[in-house]
Amino acid sequence: MQSRTLGVSDLKISPILMGTWQAGKDMWVGIDDARSTRAIRAAVEVGITTFDTAAAYGKGHSERILGAAVSDVRTEVILATKVFANRLKFNQVIDSCHRSLKNLKTDYIDLYQIHWPAGSFGTRDVPIEETLAAMNELKEQGKIRAIGVSNFTCAQLDEANRFARIDSLQSPYSLFWRHIEKDTMSYCLENNISILAYAPMAQGLLTGKFAPGHEFEKGDHRVKNKLFERENFKRVRQALDRLLPIAEKNMASLAQLALAWVISHAGTCAIAGARNADQVVQNTRAADLILSENDLARMDEI
């Protein structure tokens, strides 16, 4: 899998990253630690070099599963994690980084990200300058190698970029969720900021595996996803029916088509979660799928 440069850093990342939110178990159902570990190991074996997690995923459980799974190949992988919105004061960022280092069984984090802007979810409004001062110090000490933000608006990203070199923005982006195209994507391209697209398969919708009337188990966060609401879901099914011939023509699944569309955009990589090793292998094949200009235009139209 051909690597891409993260922002202007010296980090080389895979175009498809493995997301490990599900490994934290919280807000997911039917997750097994051993299966999560096998999925991470499978990702390494098929060429995924970059893994995304967060301190908030299962209160560090995802970080611990990931750290243990790649401990013997640490120098061969890129680890990205995040500090949550309730830990953005200077000393809290330092402390949270040290905790993540311990969870990940490493002495450096490749990409350290602000998970949500200060004030999100009723958290304290901490000046971005204070948060990034801590991150800059961690970077100078060699404890982190690059700085990123997640879920920032274009205005928030621009402000952050004044106080530190921001190499990545993590944002939801898929065929069905395209808000960053309004202004954020062009800003990132102009400023050499990589986009790490999460939910590139629209939390499973773009796989085509959900039938009308599907009900999620209690505790599954997707029950609140607007795209699964009855009228939206009806439109989703119609779109999938029109996307399927394009997938078949390219000898790909709908999921692979969705991932290939995301990473076809300049400066954009896709974070794909996986419950098991087979899903990882299937996701990885999207990196080799080159869509024609006609296919891309048709997908946009749909």
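Because the structure is a prediction, the values reported are computed rather than measured. (Residues numbered from 1 in each chain as written. Predicted model: local features only at pLDDT ≥ 70, side-chain atom pairs only at ≥ 80, totals over all residues. Heavy atoms only, no water.)

Student: I tried to follow the side chain of T20 on my own but got confused; where do I start?
Tutor: Topologically, T20 is positioned in the loop between β3 (16–19) and α1 (33–45). A polar contact is formed between the side chain of T20 and the backbone oxygen of D52, at a distance of 2.8 Å. Apart from the residues lying within four places of it in its own chain, the contact partners of T20 are I40, D52, T53, Y57, S62 and L66. (Helix = DSSP H or I, 4+ residues; strand = E, 2+ residues; numbered from the N terminus. Polar contact = N/O pair within 3.5 Å; in protein donor to acceptor, adjacent residues only side chain to side chain. Contact = heavy atoms within 4.5 Å.)

Student: Looking at this model, I keep getting lost on the pairing of strand β7 (residues 144–150). Mind explaining?
Tutor: Both faces of the sheet carry side chains from a regular strand, because those side chains alternate between them. β7 sits mainly inside the fold: six of its seven residues count as buried. Here strand β6 (residues 109–114) runs beside β7; their pairing, made up of five bridges, is parallel. The residue of β7 that forms the bridge with Q113 is G148. Crossover β6 to β7 through helix α4 (residues 128–140) is right-handed. (Buried < 20%, exposed > 50% of the residue type's maximum accessible area, 1.4 Å probe, protein only. Pairing = 2+ DSSP bridges. Right-handed = clockwise from strand over helix to strand, strands pointing away.)

Student: Even after reading the chapter, I still don't get the pattern of salt bridges, so can you show me in this structure?
Tutor: Oppositely charged side chains can form a pair if their charged atoms are brought close together. Summed over all chains, the structure comprises 14 salt bridges. Two residues, D10 and R145, come together in a salt bridge whose shortest N-O distance is 3.5 Å. Residue D10 is located in the loop between β1 (4–5) and β2 (12–13), and its partner R145 is located in strand β7; the two are separated by 135 residues in the primary sequence. For R145, a relative accessible area of 32% translates into the label partly exposed. For the salt bridge of R41 with D72, the shortest nitrogen-to-oxygen distance reads 2.6 Å. With R41 in helix α1 and D72 in the loop between α2 (61–69) and β5 (78–83), this pair connects stretches of sequence that are 31 residues apart. By relative accessible area, which is 54% here, D72 ends up exposed. Overlapping salt bridges, with partners in common, bring together D10, R74, D110 and R145 in one network. (Salt bridge = Lys/Arg side-chain N within 4 Å of Asp/Glu carboxyl O.)

Student: So what exactly am I meant to see when it comes to the sheet that holds β6 here?
Tutor: Pairing between the strands of a sheet is mediated by backbone hydrogen bonds and can be parallel or antiparallel. Taking strand neighbours around the barrel as the criterion, the eight strands line up as β3-β4-β5-β6-β7-β8-β9-β10 in a closed arrangement whose pairing is parallel. Taken pair by pair, the neighbouring strands of this sheet meet at an average axis angle of 30°, ignoring direction. One ladder, built from three bridges, connects strand β9 (residues 194–198) with strand β10 (residues 268–273); its direction is parallel. Within β10, the position partnered with A197 by the bridge is A270. Packing of helix α3 (residues 90–103) onto the sheet brings it into contact with β5, β6 and β7, and relative to β6 it is tilted by some 135°. (Axes fitted to C-alpha atoms, helices over the stretch in contact; angles between N-to-C directions.)

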